[in-house]
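# Structural description and commentary
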Amino acid sequence: MPEPQPFELVIFDCDGVLIDSEMISARMLVAALAERGVSIDLPYVAQHFLGRSYPTVMATIRRDFGLDLPPAFEEDYRERLLEGFRRELRVMPHVAEVMDALGLPYCVATSSSPRRVEISLVLTGLWPRVQGRIFTASEVARGKPAPDLFLHAAARMGVDPARCLVIEDSLTGIASGLAAGMTVWRFTGGSHMANGYAPEPPEATPQMHFASFADFFHLAPDLRGAG
């Protein structure tokens, strides 16, 4: 059993951690880009887009395909995505129980837009647990993998970065948390990791992996509250 850690804050990523959204997002993006003549596959999405903000995704498409997508593309894609979420989105099993049982504060730090994260968490029933404690990439100069978002979240919550535990799924997010000087655990239970995941480079190698939130307090019993 790991030694107890002096954590004072748990920071959850959203997509692929709190909600099982990444496969829905990837399918929608592949289909939307195909209509514009850009052919990509799910592995390309996983490598280049997972855990990144929409502006970063658009910059990558511009760089790799020489295509400037019009503003209407973003609006159309986001609306299609939210409709897909309304049909298919699910909360990650046992994550609500973990949140309810934590004996320390927690928050959310996500690359998603404020509107998308709110709708996603309302749909999955998590919104009341995190309202007022959500930080998005729109609030910082640089998104993940830069450390800015996690450092911003820690500062807003009044906690030393070294006392923060980050729960992430993407290499981009892991690199961001580590660059912020935080402990990072990788959650591998999302449907987008059903067939495994790419090797982790040194700058994105977490301190621990777990595949189910049912195991969370077995890994960190000291983080459970007294209630």
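First, a word on what this report is: a plain description of the structure on this page. The written sequence of each chain sets the order in which its residues are numbered from 1. Selection of residues for local features in this predicted model requires a pLDDT of at least 70, selection of side-chain atom pairs for listing and counting requires 80 or more, and totals for whole chains, interfaces and linings are taken over all residues. Side-chain numbers here rest on the full set of heavy atoms in the structure, without hydrogens or water.

### Thoughts on the packing of aromatic side chains
Short version of the rule: Aromatic rings from Phe, Tyr and Trp, taking only the six-membered ring of Trp, are treated as a pair when their centres fall within 6.5 Å; an angle between ring planes under 30 degrees marks them as stacked, one over 60 as edge-to-face, and anything in between as tilted. To qualify as a helix, a DSSP run of H or I must reach at least 4 residues; to qualify as a strand, a run of E must reach at least 2; elements of each kind are numbered from the N terminus. The classification of residues rests on relative accessible area computed with a 1.4 Å probe and restricted to protein chains. Under 20% of the type maximum is buried, over 50% is exposed, and intermediate values are partly exposed. Criterion for a charge above a ring: Arg CZ or Lys NZ at most 6 Å from the ring centre, at most 35 degrees from the ring normal.
This structure, assessed with the given rule, holds 12 aromatic pairs. When the centroid spacing of 6.4 Å and the interplanar angle of 5 degrees are considered together, the rings of phenylalanine 73 and tyrosine 77 count as stacked. Here phenylalanine 73 and its partner tyrosine 77 are both found in helix H4 (residues 71-88), 4 residues apart, which amounts to about one turn of the helix. Across the pair, tyrosine 77 and phenylalanine 73 agree in class, each one buried. In this structure, arginine 186 is placed above the aromatic ring of tyrosine 197, and the distance from its NZ or CZ to the ring centre is 4.3 Å.

### Describing the environment of tyrosine 197
We apply this condition: We call two residues contacting when some pair of their heavy atoms lies within 4.5 Å.
With respect to the helices, strands and loops of the structure, tyrosine 197 is situated in the loop between strand E5 (183-187) and strand E6 (208-210). With 26 residues separating them in the primary sequence, tyrosine 197 and leucine 171 have C-alpha atoms 9.7 Å apart. Residues in contact with tyrosine 197, not counting those within four places in the same chain, are Arg186, Thr188 and His209.

### Structural notes on the nonpolar core
Let me state the cut-off plainly: The term nonpolar core refers to a set of buried residues drawn from Ala, Val, Leu, Ile, Met, Phe, Trp, Tyr and Cys, joined through side-chain atoms within 4.5 Å.
Phe12, Leu102, Leu121, Ile167, Phe213 and Phe216 are the most contacted members of the largest nonpolar core, which has 56 residues in total. Not counting the four nearest positions on each side in its chain, leucine 102 is found in contact with Val10, Phe12, Phe216, Phe217, Leu223 and Gly225. The next biggest cluster of nonpolar side chains, apart from the first, holds 19 residues, and it includes Cys107, Cys164, Val166 and Ala175.

### Some words on the pairing of E5
The criterion, for reference: Should DSSP find at least two bridges between two strands, the strands are regarded as paired. Crossovers are described as right-handed under a simple rule: with the strands pointing away from the observer, the path leading from the first strand over the helix to the second runs clockwise.
Among the 5 residues in E5, 5 count as buried, and that is most of the element. Burial of the side chains of E5 extends over both faces: Thr183, Trp185 and Phe187 are buried on one face and Val184 and Arg186 on the other. Pairing of strand E4 (residues 164-168) with E5, which is carried by 4 bridges, proceeds in the parallel orientation. Considered in E5, the bridge of valine 166 is made with valine 184. Viewed along the sheet, the connection from E4 through helix H9 (residues 171-179) into E5 turns out right-handed.

### Notes on the sheet that holds strand E1 (residues 9-12)
Pairing between the strands of a sheet is mediated by backbone hydrogen bonds and can be parallel or antiparallel. Applicable threshold: To obtain an axis, a line is fitted to C-alpha atoms, over the contacting stretch when the element is a helix, and the angle between two such axes runs from 0 to 180 degrees between their N-to-C directions.
Ordered in space as E3-E2-E1-E4-E5-E6, the 6 strands form an open sheet in which the pairing is parallel. Only two strands of the sheet have a single partner each, and these edge strands are strand E3 (134-136) and E6. Taking each pair of neighbouring strands and ignoring which way they run, the sheet shows an average axis angle of 25 degrees. One ladder, built from 3 bridges, connects E1 with strand E2 (residues 106-110); its direction is parallel.

### Side note on the pattern of salt bridges
Note the threshold: We define a salt bridge as a contact between a side-chain nitrogen of Lys or Arg and a carboxyl oxygen of Asp or Glu at a distance within 4 Å.
Following the criterion strictly, the structure yields 14 salt bridges and no others. The residue arginine 115 makes a salt bridge to glutamate 79 at a minimum N-O spacing of 2.9 Å. Here the residue arginine 115 occupies a position in helix H6 (residues 114-123), and glutamate 79 occupies one in helix H4, the gap between them amounting to 36 residues. Accessibility expressed as a relative area gives 35% for glutamate 79, which makes it partly exposed. Here lysine 144 ties to glutamate 168 by a salt bridge, and the two come within 2.6 Å at their closest N and O atoms. Residue lysine 144 is found in the loop between E3 and helix H8 (148-157), and its partner glutamate 168 is found in strand E4; the two are separated by 24 residues along the sequence. Take lysine 144 and glutamate 168: they sit in the same class, and that class is buried. What emerges from the salt-bridge pattern is a single network uniting Asp13, Lys144 and Glu168.

The values are spatial; any link to function lies outside them.
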